[in-house]
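# Structural features, examined
These are the residues of each chain, in order.
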Amino acid sequence: MLTQEQALDIYRNTGAILKGHFRLTSGRHSDTYMQSAKLFVDPKSAELVCSALAEKLSAAGIEADYVVSPAIGGILMGYEVARQMGLPNIFAEREDGVMTFRRGFSLPQGAKVVVVEDVVTTGGSVREVIALCTESGAKVQAVASLVDRSSGKVDFGVKFVNLISMEVTSYEPDECPICKEGKIELVKPGSRTFKK
């Protein structure tokens, strides 16, 4: 199983830790962004981190029937974690701003689910997927992420398994010191665009 430092090395070696001025999916600002999409360019790195996460879920005694992830960031990860666990994989995506199952995806009544996301900061997208799964009659057994940026402060009401737990400072937009300096342009490298 990978240690946290080995997992961080994979992020570093694939260029997936970015420095600058970023708007996170949560709306908060940060000088550090974990761009998992860069890690997933390399199939061997993706397999390493996802198999380690699947091992951690197994070691925690988590049993599931499905892996479910939020689009777009969690799609590749969800697929690979599901492959490692030998489970079916579906993803939820936004339609008119609401997380939903499309493309004919659904969950059977009573299905046991693991929700996976590449990076968790506030857990907003994960909570939306949990609610969607619960509304579908499924039972969420655990949440799994490659990176927990909250350093264990996020509570989903179920077991939360991750490879990397760290606290990366983030700010409300009106309190962001990087914005106040005005030297580095704000960018949104993730899957949701925003208007400045």
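This write-up is about the structure you can find in this document. Note that the coordinates shown come from a computational prediction; the quantities given were computed from them, not determined experimentally.

## Quick look at the packing of aromatic side chains
According to the stated counting rule, one finds 3 aromatic pairs in the structure shown. The interplanar angle of 45° and the centroid separation of 5.6 Å between the aromatic rings of F22 and Y33 together place this pair among those described as tilted. Here Y33 lies in strand β2 (residues 29-34) and F22 lies in strand β1 (residues 17-23), a separation of 11 residues in the sequence. There is no split in this pair, since F22 and Y33 are both buried. Ring geometry for F156 versus F160: centroids 5.1 Å apart, planes at 90°, classification edge-to-face. Neither F156 nor F160 differs from the other in exposure class; each is buried.

## What about the sheet that holds strand β8 (residues 159-165)?
With respect to topology, 6 strands assemble into an open sheet ordered β5-β4-β3-β6-β7-β8, the strand pairing being mixed. The open sheet has two edge strands with one neighbour each: β5 (98-100) and β8. Recorded for the sheet is a direction-independent mean angle of 25° between the axes of neighbouring strands. Pairing geometry for strand β4 (residues 89-95) and β5, over 3 bridges, is antiparallel. Directly across from R94, in β5, lies its bridge partner M99. The strands touched by helix α1 (residues 4-13) within the sheet are β6 (112-120), β7 (139-148) and β8, with β8 carrying the most contacts at an inclination of about 65°. Running at roughly 170° to strand β3 (residues 66-70), helix α4 (residues 75-85) makes contact with β3, β4, β6 and β7 of the sheet.

## Considering the pattern of salt bridges
Counting across every chain of the model gives 11 salt bridges. E128 is paired through a salt bridge with R94; the nearest N and O atoms lie 2.6 Å apart. Of this pair, E128 sits in helix α5 (residues 124-135) while R94 sits in strand β4, placing them 34 residues apart in sequence. The partly exposed category is assigned to E128, whose relative accessible area is 29%.

Rules behind the numbers
- Residues numbered from 1 in each chain as written.
- Predicted model: local features only at pLDDT ≥ 70, side-chain atom pairs only at ≥ 80, totals over all residues.
- Heavy atoms only, no water.
- Phe/Tyr/Trp six-rings, centres within 6.5 Å; stacked < 30°, edge-to-face > 60°.
- Helix = DSSP H or I, 4+ residues; strand = E, 2+ residues; numbered from the N terminus.
- Buried < 20%, exposed > 50% of the residue type's maximum accessible area, 1.4 Å probe, protein only.
- Pairing = 2+ DSSP bridges.
- Axes fitted to C-alpha atoms, helices over the stretch in contact; angles between N-to-C directions.
- Contact = heavy atoms within 4.5 Å.
- Salt bridge = Lys/Arg side-chain N within 4 Å of Asp/Glu carboxyl O.

Structural measurements only, silent on function.
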